[in-house]
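Listed below, chain by chain, are the residues.
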Amino acid sequence: MKIAILSRNPRLYSTRRLVEAGTQRGHEMVVIDTLRAYMNIASHKPQIHYRGQPLEGFDAVIPRIGASVTFYGCAVLRQFEMMGVFPLNESVAISRSRDKLRSLQLLSRKGIGLPVTGFAHSPDDIEDLIRMVSGAPLVIKVLEGTQGIGVVLCETEQAAESVIEAFMGLKQNIMVQEYIKESGGADIRCLVVGDKVIAAMKRQAKPGEFRSNLHRGGSASLIRITPEERSTAIRAAKIMGLSVAGVDILRSNHGPLVMEVNSSPGLEGIEVTTGRDVAGLVIAYLEKNAAPDRTRTRGRG
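Note that the structure is a prediction, hence the values are computed from the model and not measured.

## Some points on the UniProt feature "binding site: ATP" (unreviewed entry) in the protein chain
Right, so step 1: Under the feature "binding site: ATP" (unreviewed entry), the UniProt entry names Lys141, Glu178, Tyr179, Asp187, Arg211, Ser212 and Asn213.
Right, so step 2: Within the secondary structure, tyrosine 179 sits in the loop between strand S11 (174-178) and strand S12 (186-193).
Right, so step 3: The class of tyrosine 179 is partly exposed, set by a relative accessible area of 26%.

## Here's the deal with the UniProt feature "binding site: Mg(2+) 1" (unreviewed entry) in the protein chain
Right, so step 1: Mapped onto this structure's residue numbering, the UniProt feature "binding site: Mg(2+) 1" (unreviewed entry) falls at Asp248 and Glu260.
Right, so step 2: Tracing the backbone through its elements, the reader meets aspartate 248 in strand S15 (residues 244-252).
Right, so step 3: Every residue in contact with aspartate 248, bar those within four places of it in the chain, is listed here: Asp187, Ile188, Arg189, Arg203, Leu257, Val258, Met259 and Glu260.
Right, so step 4: In this structure the side chain of aspartate 248 is engaged in a polar contact, spanning 2.5 Å, whose partner is the side chain of arginine 189.
Right, so step 5: Glutamate 260 gets classed as partly exposed once you look at its relative accessible area, which sits at 29%.
Right, so step 6: Other than its neighbours up to four places away in sequence, glutamate 260 contacts Lys100, Gly246, Val247 and Asp248.

## A short note on the environment of arginine 224
Right, so step 1: By secondary structure assignment, the location of arginine 224 is in the loop between strand S14 (219-222) and helix H7 (227-240).
Right, so step 2: Under the relative-accessibility criterion, arginine 224 is labelled exposed at 75%.

## Points about the pairing of S12
Right, so step 1: For S12, the buried fraction is high: eight of the eight residues fall into the buried class.
Right, so step 2: Here S12 shows two buried faces, one formed by Ala186, Ile188, Cys190 and Val192 and the other by Asp187, Arg189, Leu191 and Val193.
Right, so step 3: Where S12 and strand S13 (residues 196-204) come together, eight bridges link them in antiparallel fashion. By the bridge assignment for S13, isoleucine 188 is matched with lysine 202.
Right, so step 4: Of the strand pairs in this sheet, S12 and S15 are connected by six bridges, and their pairing is antiparallel. Within S15, the residue paired with leucine 191 across the bridge is glycine 246.

## Some words on unusual backbone geometry
Right, so step 1: A cis geometry characterises the amide bond from alanine 136 onward to proline 137, with omega recorded as -5 degrees.
Right, so step 2: Mapping proline 137 onto the fold places it in the loop between helix H5 (126-132) and strand S9 (138-142).
Right, so step 3: A positive phi angle, near 50 degrees, is found at arginine 51, a position not held by glycine.
Right, so step 4: Within the secondary structure, arginine 51 is located in the loop between strand S4 (47-50) and strand S5 (53-54).
Right, so step 5: Residue serine 134 is not a glycine yet carries a positive backbone phi of 70 degrees.
Right, so step 6: Along the polypeptide, serine 134 turns up in the loop between H5 and S9.
Right, so step 7: Of the residues examined, serine 134 reaches a relative accessible area of 60% and is grouped as exposed.

## As for the packing of helix H1 (residues 13-24) against helix H9 (residues 278-289)
Packed helices, taken two at a time, are described by their axes: the angle between them and the distance between them.
Right, so step 1: For the pair H1 and H9, the least separation of the axes is 8 Å and the interaxial angle reads 60 degrees. By the angle between their axes, H1 is oblique relative to H9. The interaxial crossing formed by H1 with H9 has right-handed handedness. Contacts between H1 and H9 involve Arg17, Leu18, Ala21 and Gly22 from the former and Ala279, Gly280, Val282 and Ile283 from the latter.
Right, so step 2: Taken together, the residues of the contact of H1 with H9 break down into five nonpolar, two polar and one charged.

## A short note on the pattern of salt bridges
In a structure, side chains of opposite charge can pair up when their charged atoms sit close to one another.
Right, so step 1: Enumeration over the complete set of coordinates arrives at 10 salt bridges.
Right, so step 2: Between aspartate 187 and arginine 203 there is a salt bridge, with its nearest N and O atoms 2.9 Å apart. With a gap of 16 residues between them, aspartate 187 in strand S12 and arginine 203 in strand S13 connect regions that are remote in the sequence. Residues aspartate 187 and arginine 203 agree in their burial class; the two are buried.
Right, so step 3: The salt bridge involving glutamate 229 is made with arginine 251; its shortest N-O contact spans 2.6 Å. Here glutamate 229, found in helix H7, pairs with arginine 251, found in strand S15; they are 22 residues apart in sequence, far enough to count as distant.
Right, so step 4: One connected set of salt bridges, linked through shared partners, spans Arg17, Glu20, Glu271 and Asp277.

Conventions adopted
Residues numbered from 1 in each chain as written. Predicted model: local features only at pLDDT ≥ 70, side-chain atom pairs only at ≥ 80, totals over all residues. Heavy atoms only, no water. UniProt positions renumbered as here; feature names shortened; annotations may be inferred. Helix = DSSP H or I, 4+ residues; strand = E, 2+ residues; numbered from the N terminus. Buried < 20%, exposed > 50% of the residue type's maximum accessible area, 1.4 Å probe, protein only. Contact = heavy atoms within 4.5 Å. Polar contact = N/O pair within 3.5 Å; in protein donor to acceptor, adjacent residues only side chain to side chain. Pairing = 2+ DSSP bridges. Axes fitted to C-alpha atoms, helices over the stretch in contact; angles between N-to-C directions. Parallel < 35°, antiparallel > 145°, perpendicular 65-115°, else oblique. Left-handed = near helix turned anticlockwise from the far one by under 90°. Nonpolar A, V, L, I, M, F, W, Y, C, P; charged D, E, K, R; others polar. Salt bridge = Lys/Arg side-chain N within 4 Å of Asp/Glu carboxyl O.

Here it is, written out as structure tokens:
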């Protein structure tokens, strides 16, 4: 197969590993800088051009679209879908998962366990918003944040009011969540491919920190997940419409709670921690499922 990887940086671990895995399995792998691809929209024959040449003959596309370029990246991916190229994750599903509020609403509707979450626009409603999530300590998250950036733990209600007012004053959309103390600053990253959790690791925040992201100095270790955690991760990815996803789960006193569903999960932490060939399993999924015009939404989302 001829497989495109939409990635800003071919030197990133995840991109390199996907190229290696695909090449080892006999496929032609082409890395395309997402922001350098451009499109002919008003054409009877959809086209994408790259560095002066039309992109043609691709069987599948792997989107590694960073959060900061979601809008343009999804537009490029949609164009691939309109050309009949099979996407590992569809543009509609990526857009859905990147909107933190929308994704939580969809998961909630389907009965997935979540931390109690509040969302408001007016500063007049802050007191009731804090009560809604059982008061302090609580977590405040910027909706567009990623890798733990824009996430604040407030130990007191007074601090929470100040932080919420500050974010609202900056016209930032935020959500307020209950703090799951019993998780002990740890979460579980489940890597879902198709309808299976192929790898899982526990991420533990460093002392004095509550964010367990590896980018923030958190540590990773092997973990055995429960059947309930496994089915929660698979269901969450399916609800988002993602074929490959990193599902972040907290262990609470009332079962697994989904924090986030990531459409472009990093491969380095989970491959190093678990020893699994995640990149190879992703390529194997494409081998089994990629076919012309098999995109469910055909770029209509």
